[in-house]
Amino acid sequence: MAALAKDERANEEDMSMKAIQVGSIGLGNISRGVHLPGIEKSPDLSLYAICDLDPQRLQEVGERYAVPESRRFTDYRQLIACPGVEAVDISTPNDCHFPIAMEAVRAGKPYCLEKPVTMNADQAQELAQATEAKGLKSMVCFSYRFKPAARFARELVQRGELGRLYHVDMQYFQAWGLPAAACKYVWRYEKRRTGSGALGDLGSHALDLCAFVTGKCVQSLVGHTGTYVKERPLLDGSGMGQVDVDDFSNYMAQLEDGISASFQITRFAFGRGNYQRMEIYGEKGALVYVLDETPDQDELYLCQGEVGRETRAFQRLPIPQRFRADQMQAFADRLLDKEDGLAADIRDGLANQRQLDAVLLSAQE
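Predicted, not measured: the structure shown is a model, and the values here were computed from it.

The rules behind each value
Residues numbered from 1 in each chain as written. Predicted model: local features only at pLDDT ≥ 70, side-chain atom pairs only at ≥ 80, totals over all residues. Heavy atoms only, no water. Helix = DSSP H or I, 4+ residues; strand = E, 2+ residues; numbered from the N terminus. Rg over C-alpha atoms; globule rule 2.2 N^0.38 Å. Buried < 20%, exposed > 50% of the residue type's maximum accessible area, 1.4 Å probe, protein only. Contact = heavy atoms within 4.5 Å. Areas by Shrake-Rupley, 256 points an atom, 1.4 Å probe, with all protein chains shown as cover. Lys, Arg positive; Asp, Glu negative; His and termini not counted. Charge placed at Lys NZ, Arg CZ, Asp CG, Glu CD. Phe/Tyr/Trp six-rings, centres within 6.5 Å; stacked < 30°, edge-to-face > 60°. Lys NZ or Arg CZ within 6 Å of the ring centre and 35° of its normal. Axes fitted to C-alpha atoms, helices over the stretch in contact; angles between N-to-C directions. Parallel < 35°, antiparallel > 145°, perpendicular 65-115°, else oblique. Left-handed = near helix turned anticlockwise from the far one by under 90°. Nonpolar A, V, L, I, M, F, W, Y, C, P; charged D, E, K, R; others polar. Pairing = 2+ DSSP bridges.

Asker: Give a description of the overall build of the chain that names residues and reports values.
Answerer: Per the secondary structure count, the chain includes 12 helices and 16 strands. In summary, the chain has a C-alpha radius of gyration of 22 Å against a globular reference of 21 Å for 365 residues, a match within 12%. Projected onto the principal axes, the alpha-carbon positions of the chain cover approximately 75 × 60 × 40 Å. Burial analysis of the chain (365 residues in total) assigns 51% to the buried set. In the chain, of all internal contacts separated by at least 6 residues, the share reaching a separation of at least 24 is 70%. Summed over its atoms, the accessible surface of the chain is roughly 17,300 Å², and 50% of this surface lies on carbon and sulfur atoms. If you average the places of the 42 positive and of the 52 negative side-chain charges in the chain, the two averages end up 2 Å apart.

As structure tokens, this is what we get:
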């Protein structure tokens with residue numbers, strides 16, 4: 001009897017240590033660059049199944065991560081229905097987010113979803129309600145919430161180091177839309193697949209990062225969008241595709257407590273890679289968060305107190321180790337009820353989608 005009890009305890013321990021089996025849908029750049037490496041690195045996650053429409057990509061990823069052919073799918077419904085899949089990771093083009101996430105909800109499986117969460121706020125509302133009705137956990141991949149400098153900035157702001165906030169200025173600049181970059185007509189230029197251009201791609205991150213750091217919601221906004229390159233070569237070389245989404249998006253917003261915010265978003269910033277700059281000005285100090293001014297680094301600068309006010313000197317802050325985090329580990333932590341509460345969920349995605357819709361409506365009207 002004692003031996004039997006010992007075996008049962010061992011089995012229970014094995015089950016408690018078992019990694020969560022993830023099915024990953026969409027194996028494009030963001031998946032191969034962030035999601036799959038993150039799953040592989042996490043001790044709490046295991047890549048169990050994969051899905052993509054491209055057979056070559058499916059084979060390459062399957063071999064790279066040792067996923068058996070029997071668990072490689074071209075139909076996302078088959079992956080979600082696979083009994084061994086315990087959580088669903090979604091990294092597809094935007095028009096696929098809603099149907100795939102809803103399928104995961106119907107199957108009773110938690111999901112991790114790229115942004116923007118859906119094509120419009122109505123879909124996001126439906127997805128949020130369905131997720132909550134099933135009592136399922138979700139995570140939206142607003143990845144800059146995991147930058148140490150952004151997390152440190154959030155703590156400094158929310159513990160009152162800047163005092164009352166007056167202004168937030170946010171820039172998110174890339175350069176791959178410039179004519180010299182010769183980017184072809186990929187899905188990001190097609191409204192029926194992406195919903196919006198630079199706005200949804202970059203602006204969704206900017207809006208979320210502002211809310212994350214300040215803790216304040218958008219109350220109203222006004223938007224301006226435009227397109228510089230109206231046609232791009234089709235991938236197969238058969239002609240030109242009509243670009244019907246924005247190359248840039250600028251918008252002004254009022255946040256809670258009367259905070260003024262401005263956003264500049266573009267894919268036409270010569271010399272920029274993945275550049276972000278957020279300046280926050282308050283009654284007692286100012287913060288500047290920067291990403292990719294120094295290649296691949298996030299940095300934080302502070303000006304504070306009487307000396308700072310007089311000298312106007314911004315000092316670079318060392319980032320404490322405790323602010324370091326990983327996106328896919330955060331998904332695992334949420335599933336295991338040991339999260340830090342800083343990752344976004346579908347409700348955050350819904351709020352973000354409503355703001356994107358408002359920018360587009362304002363720009364149109």
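This is not the end of the story, as more comes after the structure.
Asker: Which residues make up the packing of aromatic side chains, and what values do they have?
Answerer: Following the criterion strictly, the structure yields 7 aromatic pairs and no others. Judged by centre distance (5.0 Å) and plane angle (55°), the rings of tyrosine 228 and phenylalanine 268 are tilted. Linking tyrosine 228 in the loop between strand 8 (218-226) and strand 9 (231-233) with phenylalanine 268 in the loop between strand 12 (260-266) and strand 13 (275-282), this pair joins segments that are 40 residues apart in sequence. Classification of tyrosine 228 by relative accessible area gives exposed; the value is 53%. One aromatic cluster is present, built from ring pairs that chain together Tyr228, Phe248 and Phe268. When the ring centre of tyrosine 275 is taken as origin, the NZ or CZ atom of arginine 272, which lies over that ring, is 3.7 Å away.

Asker: Account for helix 5 (residues 94-106), naming residues and giving values.
Answerer: Regarding helix 5, the residues found buried are Asn94, His97, Phe98, Ile100, Ala101, Met102, Ala104 and Val105. For helix 5, the secondary structure elements touched by its buried residues are strand 1 (20-25), helix 4 (76-81), strand 4 (87-90), strand 5 (111-113), helix 6 (121-134) and helix 8 (191-194). Just downstream of helix 5, glycine 108 is the residue with a positive phi angle, here 75°.

Asker: I'd like a description of the packing of helix 9 (residues 198-214) against helix 12 (residues 346-364), backed by residues and values.
Answerer: Two elements in contact, helix 9 and helix 12, have axes whose closest approach is 10 Å; the angle formed by their N-to-C orientations is 120°. Overall, the two elements helix 9 and helix 12 adopt an arrangement that is oblique. At the point where helix 9 passes helix 12, the crossing takes the right-handed sense. Counted together, Leu199, Gly200, Gly203, Ser204, Leu207 and Asp208 of helix 9 and Asn352, Gln355, Leu356, Val359 and Leu360 of helix 12 form the full contact between these two elements. Here the contact of helix 9 with helix 12 is composed, by residue class, of 5 nonpolar, 5 polar and 1 charged.

Asker: Residues and numbers for the sheet that holds strand 8, please.
Answerer: Taken together, 8 strands build an open sheet; the order of strands is 8-11-12-7-13-14-15-16 and the sheet is mixed. Of all strands in the sheet, those with a lone pairing partner are strand 8 and strand 16 (315-316), marking the two edges. Inspection of the sheet shows strand 8 paired to strand 11 (residues 248-255) by 8 bridges, in the antiparallel sense. Across the sheet, residue threonine 225 finds its bridge partner in strand 11, namely serine 249.

Asker: Let's hear about the environment of alanine 261: which residues, and what values?
Answerer: Structurally, the position occupied by alanine 261 is in strand 12. C-alpha separation for the pair alanine 261 and valine 157, spaced 104 residues apart in sequence, amounts to 15 Å. Non-local contacts of alanine 261, meaning those with residues more than four positions away in its chain, are made with Val168, Tyr251, Met252, Ala253 and Leu255.

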